[in-house]
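Reading the structure
Below, each chain spelled out in residue letters.
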Amino acid sequence: MMGRRAAAGLAAAALAVTALAAPAVRAQAASARVLRFAPHAPLANLDPIWGTQYVVRNAAMLVWDTLYGIDSRLEPKPQMAEAHEVSDDRLVWTIRLRGGLRFHDGEPVRGTDVVASLERWMVRNPMGQAIRALRQELSAPDDRTIRLRLAAPYPRLLQALGAISAPCAFIMPERIARTDPFTQIEEAIGSGPMRFRKDEWDPGTRSAFERFDRYEPRDEPADWIAGGKRIAFERIEWIARPDPAATASALLSGDLDWWEQVAPDHVPVLRRNRQIGIDIADPLGNIGSLRFNHLHTPFNDVRARRAVAMAVDQADYMRAVVGDDDVLWRRVPSFFTPDTPLYSDAGGEILSGPRDHEAARRLLADSGYDGRPVTLLVAEDVAPLRAMGQVTHRLLGDLGCAVDYVATDWGTVARRRAVRAPPAEGGWNLFHTWHAGVDCATPAGYAALRTNGDDAWFGWPNDPGIERLREAWFAATTLAEERAVVAQLNRASMAFMTWVPTGLFMAYQAWRRSVSGIVKAPLPLFWGVAKA
Amino acid sequence: MLAYIARRILSTIPVMLVVAFVVFSMLMLSPGDPAAVIAGDQATPEDVERIRAALGLDRPFLVQFVDFLWRLVNFDLGTSIFTNLPVTHMIAQRIEPTVSLMVLTILFSVAVAVPMGVVAAWKAGSWIDRAVMVFAVLGFSVPVFVIGYLLAYIFALELDWLPVQGYTPLSRGFWPFLENLILPTIALGSVYIALIARITRATMLEVLAQDYIRTAKAKGLGTRPILFLHALKNAAVPISTVVGIGIALLIGGAVVTESVFAIPGLGRLTVDAILRRDYPVIQGVVLLFSFVYVLVNLMIDLLYTVFDPRIRY
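Residues numbered from 1 in each chain as written. Chains lettered and ligands numbered in written order. Predicted model: local features only at pLDDT ≥ 70, side-chain atom pairs only at ≥ 80, totals over all residues.

Along chain B, the regular secondary structure elements total 12 helices and 0 strands. Across chain B, helices and strands are ordered from the amino to the carboxyl terminus as α-α-α-α-α-α-α-α-α-α-α-α. The C-alpha extent of chain B, read off along each of the three principal axes, is 80 × 55 × 35 Å. Burial statistics for chain B: of 313 residues in total, 41% are counted as buried. At a minimum sequence separation of 6, the contacts of chain B that also span at least 24 residues come to 73%. (Helix = DSSP H or I, 4+ residues; strand = E, 2+ residues; numbered from the N terminus. Buried ≥ 20, exposed ≤ 12 C-beta atoms within 10 Å, placed from the backbone. Contact = placed C-beta atoms within 7 Å.)

Looking only at helices and strands, chain A features 15 helices and 23 strands. The C-alpha atoms of chain A give a radius of gyration of 24 Å, which matches the 24 Å a tight globule of 532 residues would have. With the principal axes as the frame, chain A shows a C-alpha extent of 65 × 65 × 40 Å. The proportion of buried residues among the 532 residues of chain A is 55%. Looking at chain A alone, contacts between residues at least 24 apart form 72% of all its contacts between residues at least 6 apart. (Rg over C-alpha atoms; globule rule 2.2 N^0.38 Å.)

Once that is clear, we can look at unusual backbone geometry. In this chain, Ala 166 of chain A is followed by Pro 167 of chain A through a cis amide linkage whose omega measures -5°. The phi dihedral of Trp 224 of chain A is positive, around 55°, even though this residue is not glycine. As for its position among the elements, Trp 224 of chain A is in the loop between β11 (206-211) and β12 (235-239). Notably, Phe 75 of chain B is not glycine yet its phi reads approximately 55°, a positive angle. Relative to the elements of secondary structure, Phe 75 of chain B occurs in the loop between α4 (61-73) and α5 (87-122). When the 7 C-beta atoms within 10 Å are taken as the criterion, Phe 75 of chain B is described as exposed.

We now examine the interface of chain B and chain A. Often, the extent of an interface is quoted as the loss of accessible area on bringing the components together. Contact residues are listed per partner, giving 44 residues for chain B and 44 residues for chain A. Contributing elements (two or more residues each) for the side of chain B that touches chain A: α2 (34-39), α3 (45-55), α5, α7 (144-158), α10 (223-260) and α11 (266-276) of chain B. For the side of chain B that touches chain A, the leading source of residues is α3 of chain B, giving 6 residues. When grouped by side-chain class, the residues that make up the side of chain B that touches chain A number 26 nonpolar, 9 polar and 9 charged. (Nonpolar A, V, L, I, M, F, W, Y, C, P; charged D, E, K, R; others polar.)

Residue and element names in this part refer to chain A. Most of strand β21 (residues 508-512) is tucked away: 5 of the 5 residues are buried. For strand β13 (residues 258-262) and β21, the ladder comprises 3 bridges, and the chain directions are antiparallel. Each residue of the ladder has a partner; that of Trp 259, found in β21, is Ala 510. Two strands pair when backbone bridges link them, and strand β14 (residues 276-280) and β21 are joined in this way by 5 bridges, in the antiparallel orientation. Along β21, the bridge assignment pairs Ile 280 with Tyr 508. (Pairing = 2+ DSSP bridges.)

Residues and elements named next belong to chain A. Along the polypeptide, Arg 355 turns up in the loop between β16 (329-330) and α11 (357-366). When the C-alpha positions of Arg 355 and Asp 313 are compared, they lie 6.8 Å apart, and in sequence the two are 42 residues distant. Setting aside residues up to four positions removed in sequence, Arg 355 forms contacts with Ala 311 and Asp 313.

All right, on to the sheet that holds strand β15 (residues 286-292) of chain A then. Residue and element names in this part refer to chain A. Spatial ordering of the open sheet is given by β16-β20-β15-β19-β17-β18, a layout of 6 strands whose pairing is mixed. Of all strands in the sheet, those with a lone pairing partner are β16 and β18 (403-408), marking the two edges. Looking at chain direction, β16 and strand β20 (residues 499-505) are connected through 2 bridges and run antiparallel. By the bridge assignment, Arg 330 is partnered in β20 with Leu 504.

Okay, here's the thing in structure tokens:
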């Protein structure tokens, strides 16, 4: 296999070909009124409830608005909402809409639009599902009022309505929001600051957004998805190129203004150019995951899961993912995101300190592991997953495990991980994924942390104790209580070893110096950005 | 002749049916699931199942195939699972760059490769012949993407003569259109030139050994008339056959070339659709490519009658 250094050299050579060729690239005249942006993936659809890919969520954030929006302190702030009232028993929420809100088709935003939109969202979003289970009434007494009556208090309601986690609670016109949540909508009409130009959309390569002149931003300064969403551009164009070297070249030549996620191998060339700014994109990063199947041997035994965790060195995983740039990763002996209010590493000792492979081998033997091959699903077409899969392959070999290394693509992993049959009958033992740090800041919408057996996320872990702790967090009323419960939750999850966090990794974003106002956030935010 | 053309066009129908069945079967039998990709990483298995049902992917194989065929006979390639746009619309968006690249490549390759092969055969055993053969071996051996990057390095980076990437539609002017396609055409044409040059040389060697060529020489006919009027015309049938077969090579190479030179064509559409398991798009593009392949070979068959009057249909 080609070493990382050699691969980086090849990539740099390929990039040099395209990057230094900048004078040859016939750039169109750059306009301060048009922002050209390279997303991390092509925009293949624009229904943020039906499709929950991050690229769809990011584009949807331009087109649709939300009742609330979280700020950089992860606190929900009113966005489309003007104000809300909660009854003394905390069962009835009454939310009043701001005046002057309009959809892109000119129609005013009404309470019935909000009700239909939330009904659709509640089917797909984990927090929405919890609200739906408690809902006794969701209605619009008048055009600017929404009433939600619950069977029991749900203190995280505003966090749920303002969350960044896909699918977000976007508000659509009622006629569109009535579409089945599992069927794609036909029209992308929202009330956000930009309207989607479907007539110019070439899925996979180009998408265009045009400023919605009738959008009324809030007066407060923008802070993540809270505050006034003021757009300085007439148009924002999203241009996806299949080859990162081509994207780097476009940025260097001025054909592009902002690149959302720079491939690590291209960072050195971009850094050498004074016209290019480069910084961490999302400070909350992503937590790598080695997911166990709890239904089948050997990982239906906690000792086998802990044996693997004892041997995991997060540095190996993270360097395989991001290379030698230590700014881009950190150790995380926790299921929660560092630098967020609830972070705890209680019980995380198993992932920190010197690695003891001998003890791990003994523990694996104690678990009754019989030498049967363990099936590791690896999506070779997703670079971080391929890198983590290769590290795990070697790690399992060191522990004396026979490994059935299934090298395939993400589409196949996504299908096969849903198979509950034993590995020999098409099932699996292990796969890699990652979770966005913003999704791991609280237990609210954190599906991967749940241990509710058959209803749990892939791998189907079953531990009622952890579920009780999760419920206790929902009932917590102060930050101190929340922190205490999350510490217990982390400790219990580490003891049970629901899955193994393989470290926190981040990515760079890059932009031309003529662009200002780009902030670090879990998604690219276009309000506040300007271009000279 | 007209009856033959009509028969051949009609005979494409069962061919396309077989292609449709094979493509459909392979997609259905291959692992992977568009519903899982749509649902995203956080979705539950139940969400994935409901999306699969909404897309109709949970129906029995034969039901889906008959539905697909019915739409096909109504000239409807269906709707993309991901974009919700008609497949015909998506193909129409991407067809110009790919057709432009392929047509230019064919013209360029034939214009370069046939004279190369003829000269190599005429000068068999000389340094010219060896040079042509070395070129042919290199053309077969070096991957298209390597040639692409080398061309970009020399002509865009070092000489600054041409753009390195992108595509400009013909409607924006002929030169902007052409300058974007010169390097991709050379890169994609390298294998094709090698193939045609080798076949031309081999066929010409055979023809040049015929009695009528010796007679022509004995009659004092010049080299050019012998080579290009007498020999090449008789060698044209196998050469044109290879040109037709080589269309398949071009289709495969276009996928890579479009990626290297960031050309938004059908090749890239195909790769994206395969990675997402966007079945209707894959089926539509493969059927289109198959149809083009069958049509080109029909045209080649018809050209035989021009090159060799003894051939009658």
